[in-house]
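Reading the structure
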There are 2 protein chains.
Amino acid sequence: MGNLLGTDQVTQIGIVVKDIEKSRKAWAAMLGVSEPDIIVTAGYDQAQTEYHGERSDATAKLCFFHLGQVAIELIEPDGKPSSWQDHLDQFGESVQHIAFVVPSMKEARRNLAEAGMETIQTGEYTGGRYAYLETLKTLGVQVELLEND
Amino acid sequence: MGNLLGTDQVTQIGIVVKDIEKSRKAWAAMLGVSEPDIIVTAGYDQAQTEYHGERSDATAKLCFFHLGQVAIELIEPDGKPSSWQDHLDQFGESVQHIAFVVPSMKEARRNLAEAGMETIQTGEYTGGRYAYLETLKTLGVQVELLEND
């Protein structure tokens, strides 16, 4: 049995936070870097976010600290139903996902589904798409797949 | 103000789990690799573990999956007082820390303490030492410092 993802390179550590400006400041101070821009994810028209198979209007504020191969992604959800909000409500500020850039989203999702790991949330971003997988109970962390065009 | 750690390279993602053999199997299956050996951390005589400033006899079972720059570290604590057990009790199976290999443990701990981030747990391992910092509330994840001889 091969690698179900088609890669073994972790590229992101995603942390859900309550106040992204406050968390961004703390990370920037620790790393001795300037504060990265905050971006807001697109609404449904562009992002086509689905959460547990249903349309979601959820958005999130994001910012990234690039640390070699891995980026720390800070995520402040907007309160609407999403994997981000659900994780924040259940566990407080904490690591919500680790991400892998996969060669084929379709293949990786099919392989993981066959192994019992279903998709929780999907969405589009400029130049690609993501999927969060239900891997918390088996792997101890949610896996995010990223596919770039 | 410079980088308080002396590095910006994340080298580990540490996940606390209830049953390391079960979690190891799931990770190995997803990554298409053989199951890595499980090691048990040393007892107090060697590890000199301190948790909140007091001697701790806690140990943990560990195993590592190397994914490029970053290793996934699975950690099964033994029930005795430790940051590992505390995290597992509070949050269930989840990411407990991210680690940075620092050039100087002493300097990094001093810098972080001055910024309000105190040390929770320390210990020795063959060839080096570690410290967990109280950064969950400010950074959304516990930071571990590793210093190798």
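Our subject is the structure listed above.
Structural notes, computed from the coordinates. (Residues numbered from 1 in each chain as written. Chains lettered and ligands numbered in written order. Predicted model: local features only at pLDDT ≥ 70, side-chain atom pairs only at ≥ 80, totals over all residues. Heavy atoms only, no water.)

1. Considering the interface of chain B and chain A
Of the residues lining the interface, 38 residues belong to chain B; the matching set on chain A comes to 38 residues. Both faces considered, chain B and chain A share a buried interface measuring about 2,900 Å² in area, 66% of it formed by carbon and sulfur atoms. Considering only the surface of chain B that becomes buried against chain A, B:M30, B:L67 and B:L139 emerge as the three largest contributors, covering 21% of it. Where chain B touches chain A, the interface holds 0 salt bridges. Counting across the chain B and chain A interface gives 9 residue pairs in polar contact (both at pLDDT 80 or more). (Contact = heavy atoms within 4.5 Å. Buried area = accessible area lost by both parts, 1.4 Å probe. Salt bridge = Lys/Arg side-chain N within 4 Å of Asp/Glu carboxyl O. Polar contact = N/O pair within 3.5 Å; in protein donor to acceptor, adjacent residues only side chain to side chain.)

2. A closer look at the sheet that holds strand β2 (residues 39–40) of chain A
Residues and elements named next belong to chain A. Read from one edge to the other, the open sheet built from 10 strands follows the order β2-β5-β6-β1-β7-β10-β9-β8-β3-β4, with strand pairing classed as mixed. The sheet is open, and its two borders are formed by β2 and β4 (54–55), each paired with just one other strand. Note that strand β1 (residues 10–16) and strand β7 (residues 94–101) share 6 bridges and pair antiparallel. Following the sheet pairing, Q12 is matched in β7 by A99. Sheet strands in contact with helix α4 (residues 105–114) are β8 (119–125), β9 (128–133) and β10 (142–148), and its direction is about 155° off that of β10. (Pairing = 2+ DSSP bridges. Helix = DSSP H or I, 4+ residues; strand = E, 2+ residues; numbered from the N terminus. Axes fitted to C-alpha atoms, helices over the stretch in contact; angles between N-to-C directions.)

3. Focus: the pattern of salt bridges
By the definition in use, this model includes 10 salt bridges over all chains. B:R129 is the partner of B:E124 in a salt bridge, and the nearest nitrogen-oxygen pair spans 3.3 Å. Overall, B:E124 belongs to the partly exposed group, its relative accessible area being 29%. We classify B:R129 as partly exposed; its relative accessible area is 21%. Ionic contacts of the salt-bridge type, sharing partners, join the residues A:E124, A:R129, A:E147 and A:D149 into one network. (Buried < 20%, exposed > 50% of the residue type's maximum accessible area, 1.4 Å probe, protein only.)

4. A closer look at the nonpolar core
Counting 63 residues, the largest nonpolar core has A:W27 and B:W27 as the members making the most contacts within it. Of the residues forming this core, the biggest block, 6 residues, is contributed by helix α1 (residues 20–31) of chain B. (Core = buried A, V, L, I, M, F, W, Y, C linked by side-chain atoms within 4.5 Å.)

5. Digging into the environment of B:Q142
Residue and element names in this part refer to chain B. Within the secondary structure, Q142 sits in strand β10 (residues 142–148). For the pair Q142 and P77, spaced 65 residues apart in sequence, the C-alpha separation works out to 16 Å. Ignoring anything within four residues of it in the chain, the contact list for Q142 reads S83, H87, Q96, H97, I98, I120, Y132, L133, T135 and L136. In terms of polar contacts, Q142 uses its side chain to reach the side chain of S83, at 2.9 Å. In this structure the side chain of Q142 is engaged in a polar contact, spanning 3.5 Å, whose partner is the side chain of Q96.

6. Looking at the environment of A:T119
All names here are of chain A. Summarising the element assignment, T119 is placed in strand β8. Among the residues examined, T119 registers a relative accessible area of 25% and is labelled partly exposed. Along the backbone, T119 and G2 are 117 residues apart, and their C-alpha atoms lie at a distance of 20 Å. With sequence-adjacent residues up to four places away left out, T119 is seen in contact with R109, A131, Y132 and L133. A polar contact is formed between the side chain of T119 and the side chain of R109, at a distance of 3.0 Å.

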